[in-house]
Amino acid sequence: MKTLMASVLLLALQPPTASFSQAPPQLPWIRGSMAKLEAELSAKHGEGQRERLRRGMKQVANFWRASDGDATVFEDFVRTKFAGDQATLDVMFDRFERNLEQLDGHMQEIGREFRNQSDLDLGPILPFDEMFAAYDPSSHVIDDFFQNKLAFTVLLNFPLTTLEKKLAEGESWSRRQWAEVRLAQRFSKRIPAEVNLAIAQAAAEAERYISECNIWMHHLIDTKGDRLFPPKLRLLSHWNLRDEIKANYSEGPVGLAKQRMIQQVMERIVDQTIPAVVVNNPHVDWNPYTNEVKPAAAQDSEGAMPGRGPTGTGLPSNSPEPNTRYAKLLGTFRAARKADPFSPTAPTMIARRFDENREIPETRVRAMLEQTLSSTLAPQVAKLIETRLGRPLEPFDIWYDGFRPRGVYNEAQLDEIVAKKYPTAEAYKKDIPNLLTQLGFSKERAEYLANNIVVDPARGSGHALGASMRSAKAHLRTRVGKGGMDYKGFNIAVHEMGHNVEQTFSLNNIDHTLLQGVPNTAFTEALAFVFQGHDLELLGLSKPDAMSRALKTLNDFWGTYEIAGVALVDMEVWHWMYDHPNGTPAKLKDATERISKEIWNKYYAPIFKKRDIMLLGVYSHMISYSLYLPDYPIGHMIAFQIEKQIEKAGNLGAELERMATIGSVVPDIWMKRATGAGVGPEALLTATREALAEVDRTAKER
Ligand SMILES: [Zn+2]
């Protein structure tokens, strides 16, 4: 067993060859056993079972290892576990559905209970509480199920399938067929523990690197020697740097200088000319334009300044990071590749992200992103931004944040209204049936939902935790301060309540628990945002006017336009890594620079009138959350489709219940059932067109 594992691993580490995208080699006796069993069991159960049997045995053989047993064990397994008639298959299906619901549900409960101390407002967190919180009782379930052969039982009797097939045939499948597909899919890969460990380690290393990528802003010096940023401001790349760009739109000429400087810092992060010594270090001053570094002439951190450099020159070196950013990314790629041979239906990380996690083919995603990027609306919105800014666009304006609607009430007024209404979490809980009726649910539905939602006082800002079995309830975690709930807390609570409502319907009111949930997080987020958008009406205040809604839409469009390019860079970089499996960090850096510039030049340069900008490559997700970025633009598109549909249907309550009980079929089929069309950017683009017209109309009226 040890030697087999070693050779399988070796195979995984080799450069891509024909064998690279296939499962590990099968055991030598397995073909003979399968032929024998096919003849024997087709005779016993009838010719009608031959195809199913052949498929099932093939699925089992793909994952069977020497340690699972020899030919006798395999043959005995197939003889006893193959359901040779429909009645037996039905019983097997029901039993798996019921037992897996119990397993998932209880695992979820244990996880939730173990995290209570760290998630809820219950007093100090002790060191062992963190250990409870980090423990995942379900982490070995797949391994266990292969070991005790329950996984093989599923693979022998239910079909594994590909995304292609789901999309081509899924619309005509029965609900039971979909549930069978979801059942089998749980066991579509059997990744050895050491491969999973390597993946986790590479991810942890990348995350650690990213979490330390801080810039001490007071130590940035401009060409005149001025410090533009206040002391102690430490910004994490890229999130805080980007948000600082956004925050400076209201700061006049000083804000503009700061924004330009941050862009310069970002570009040096992408091309790795950032001096290693300035990362997370308040003891050096840095001019990001000339790239000069000096010992800090101002102190804004705890602890003594370190001594001068060992070279005796007295100056810290500005030698760059040795492409660490790209070394970490390569580390996650190499670890991910080790899993490829054990995932026959999705044999690359790219396939796993698109075909399995997202279930939208990469070509479709690319087309949706390109459609948004090359939309004629982009230059129109850009022109509007230029008018609002009173200057030509600069590259960092991809993060323009000025489409903020002006509310009728200020934050303090809203806080007061909310605190009076909800002095405690209990008061909010009591009001849930009333809130839901206001949103358009019938009295009966509102009571039913409220009875399925437990409200807990959150330690952080709030979150929603659904159940995984019908005997359990969804949890709404909300923050209520000593003086009562504030507006921000209420706004979040309404969002989380939207999640809870979706979670309740999509578990308790669905025909198969194997189909519980929605296709992916973008769908549950979209439904939660619909709730959140009604928060002012729920307080009895007037809802946002047409202009506010138009500005919000333009803000979402611009955000989608920006992140669509970032997502394309992420995708191209992963293709480059798969095409160059022996690439070095330096080569990967060059490729990332080139890709970032190419995508910029194609979609942004015509609007921004500047070429060869690398900003699209700065996102930290690219390094530590492999291929996650495309979820953002798709999420925006889905949100607009769902919002539009609910608006059209007119009744939020009934429509949300209808949508939430479609269950976890693939996104396109879900969206077709929900709105009549597959996932795509059309709803977002239409709303943007209308928003531009609304802004135009309002401007003319003035
Ligand atoms: Zn959410």
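Just so it is clear, the model here is predicted, and its values are computed rather than measured.

Comments concerning the overall build of the protein
When its secondary structure is counted, the protein shows 32 helices and 7 strands. At 28 Å, the protein has a C-alpha radius of gyration in line with the 27 Å of a compact globule built from 702 residues. Along the three orthogonal principal directions, the C-alpha set of the protein runs to about 90 × 70 × 55 Å. When each of the 702 residues of the protein is scored for burial, the buried share is 55%.

Points about the nonpolar core
Core analysis: the largest hydrophobic core is formed by 194 residues, its most contacted members being Tyr-428, Phe-441 and Ile-642. Counting residues per element, this core draws most heavily on helix α25 (residues 546-579), which supplies 19 residues. Apart from residues no more than four positions distant in its own chain, Tyr-428 is found in contact with Tyr-422, Leu-435, Leu-476, Met-485, Phe-490, Ala-493, Val-494 and Met-497.

Section: the packing of aromatic side chains
Aromatic ring pairs are described here by two measures, namely the spacing of the ring centres and the angle between the planes. Applying the stated rule across the entire model yields 33 aromatic pairs. Ring geometry for Phe-333 and Tyr-578: centres 5.0 Å apart, planes at 85°, overall edge-to-face. One end of the pair, Phe-333, is in helix α15 (residues 324-339); the other, Tyr-578, is in helix α25, with 245 residues separating them in the sequence. Tyr-578 carries the same exposure label as Phe-333, and that label is buried. In this structure an aromatic cluster arises from ring pairing among Trp-29, Phe-63, Trp-64, Phe-74, Phe-77, Phe-145, Phe-146, Phe-152 and Phe-187. When the ring centre of Phe-93 is taken as reference, the NZ or CZ atom of Arg-176 above it lies at 4.2 Å. Over the face of the ring belonging to Tyr-448 we find Arg-445, whose NZ or CZ atom lies 4.8 Å from the ring centre.

Describing unusual backbone geometry
The step from Ser-237 to His-238 runs through a cis peptide bond, and the omega angle for that step is -10°. When you line up the elements, His-238 lands in the loop between β2 (234-236) and α13 (239-247). Not every positive phi belongs to a glycine, and Lys-232 is a case in point at roughly 70°. Tracing the backbone through its elements, the reader meets Lys-232 in the loop between β1 (214-216) and β2. Classification of Lys-232 as exposed rests on a relative accessible area of 56%.

Some words on the coordination of the zinc ion
Around the zinc ion, the donor atoms from the protein are His-495 (NE2), His-499 (NE2), Glu-525 (OE) and Glu-525 (OE), and they sit 2.1 to 2.6 Å away. Geometry at the zinc ion is irregular, judged from the 4 donor atoms that bind it and their angles of 53 to 143° at the metal. On the primary sequence, the residues serving as donors to the zinc ion are separated as H-x3-H-x25-E. Here His-499 and His-495 lie together in helix α22 (residues 487-508), a separation of 4 residues that amounts to about one turn.

Re helix α11 (residues 175-185)
Taking burial as the measure, the 11 residues of α11 include 8 buried ones, the bulk of the element. Among all positions of α11, only Arg-175, Trp-178, Ala-179, Glu-180, Val-181, Arg-182, Leu-183 and Ala-184 are buried. Against α5 (86-114), α9 (150-157), α10 (163-169) and α31 (667-675) lie the buried residues of α11.

With respect to the environment of Leu-684
Following the sequence through the fold, Leu-684 ends up in helix α32 (residues 682-701). On the basis of relative accessible area, Leu-684 is assigned to the buried category, the value being 0%. Sequence-wise, Leu-684 and Gln-641 are 43 residues apart; in three dimensions their C-alpha atoms are separated by 7.2 Å. Excluding anything up to four places from it in sequence, Leu-684 contacts Phe-557, Thr-560, Met-637 and Phe-640.

Topic: the sheet that holds strand β7 (residues 474-478)
Strand order in the open sheet formed by 3 strands is β5-β7-β6, and the pairing between neighbours is mixed. Whereas interior strands pair on both sides, the edge strands pair on one side only; in this sheet they are β5 (453-457) and β6 (462-465). Between one strand and the next, the sheet's axes are offset by a mean angle of 15°, whatever the strand orientation. One ladder, built from 4 bridges, connects β6 with β7; its direction is antiparallel. The residue of β7 that forms the bridge with Gly-462 is Thr-478. Here α22 sits on the sheet in contact with β5, β6 and β7, set at roughly 175° to β7.

Here's the deal with the environment of Trp-558
You can see Trp-558 is positioned in helix α25. Once the C-alpha coordinates of Trp-558 and Leu-507 are considered, the two residues, 51 residues apart in sequence, prove to be 35 Å apart.

Focus: the confidence of the model for the protein
Detail in the predicted coordinates should be disregarded across regions flagged by low pLDDT. In this model, the protein carries a mean pLDDT of 92, and residues with pLDDT of at least 70 account for 95%. With pLDDT under 50 throughout, residues 1-22 is counted as low confidence; its partners more than four residues away or in other chains account for 29 contacts. Counting interchain partners and residues more than four positions distant, the pLDDT-below-50 stretch residues 308-312 has 2 contacts.

Observations regarding the side chain of Gln-259
Within the secondary structure, Gln-259 sits in helix α14 (residues 252-270). Given the relative accessible area of 2%, Gln-259 is considered buried. At a separation of 2.9 Å, a polar atom in the side chain of Gln-259 contacts the main-chain carbonyl oxygen of Ile-245. Apart from the residues within four sequence positions on either side, Gln-259 is in contact with Ile-245, Asn-248, Tyr-249, Arg-391 and Phe-396.

Re the packing of α15 against helix α26 (residues 585-603)
Orientation of α15 relative to α26, taken along the N-to-C sense of each, is 100°, at an axis distance of 8 Å. Relative to α26, the element α15 is oriented roughly perpendicular. The segment α15 lies against α26, with Tyr-326, Ala-327, Leu-329 and Leu-330 engaging Pro-585, Leu-588, Lys-589 and Thr-592. Of the residues that constitute the contact of α15 with α26, the class distribution is 6 nonpolar, 1 polar and 1 charged.

A look at the pairing of β7
With 5 of its 5 residues buried, β7 lies for the most part within the structure. Burial along β7 is two-sided: Ala-474, Leu-476 and Thr-478 facing one way and His-475 and Arg-477 facing the other are all buried. As judged from the 5 bridges shared by β5 and β7, these two strands associate in the parallel manner. Among the inter-strand pairings, Pro-457 is bridged to a residue of β7, identified as Thr-478.

The rules we used
Residues numbered from 1 in each chain as written. Predicted model: local features only at pLDDT ≥ 70, side-chain atom pairs only at ≥ 80, totals over all residues. Heavy atoms only, no water. Helix = DSSP H or I, 4+ residues; strand = E, 2+ residues; numbered from the N terminus. Rg over C-alpha atoms; globule rule 2.2 N^0.38 Å. Buried < 20%, exposed > 50% of the residue type's maximum accessible area, 1.4 Å probe, protein only. Core = buried A, V, L, I, M, F, W, Y, C linked by side-chain atoms within 4.5 Å. Contact = heavy atoms within 4.5 Å. Phe/Tyr/Trp six-rings, centres within 6.5 Å; stacked < 30°, edge-to-face > 60°. Lys NZ or Arg CZ within 6 Å of the ring centre and 35° of its normal. Donors = N, O, S within 2.8 Å, 3.2 Å for Na, K, Ca; no water. Tetrahedral: all angles 85-135°; square planar, octahedral: opposite > 155°, others 65-115°. Pairing = 2+ DSSP bridges. Axes fitted to C-alpha atoms, helices over the stretch in contact; angles between N-to-C directions. pLDDT = per-residue confidence, 0-100. Polar contact = N/O pair within 3.5 Å; in protein donor to acceptor, adjacent residues only side chain to side chain. Parallel < 35°, antiparallel > 145°, perpendicular 65-115°, else oblique. Nonpolar A, V, L, I, M, F, W, Y, C, P; charged D, E, K, R; others polar.

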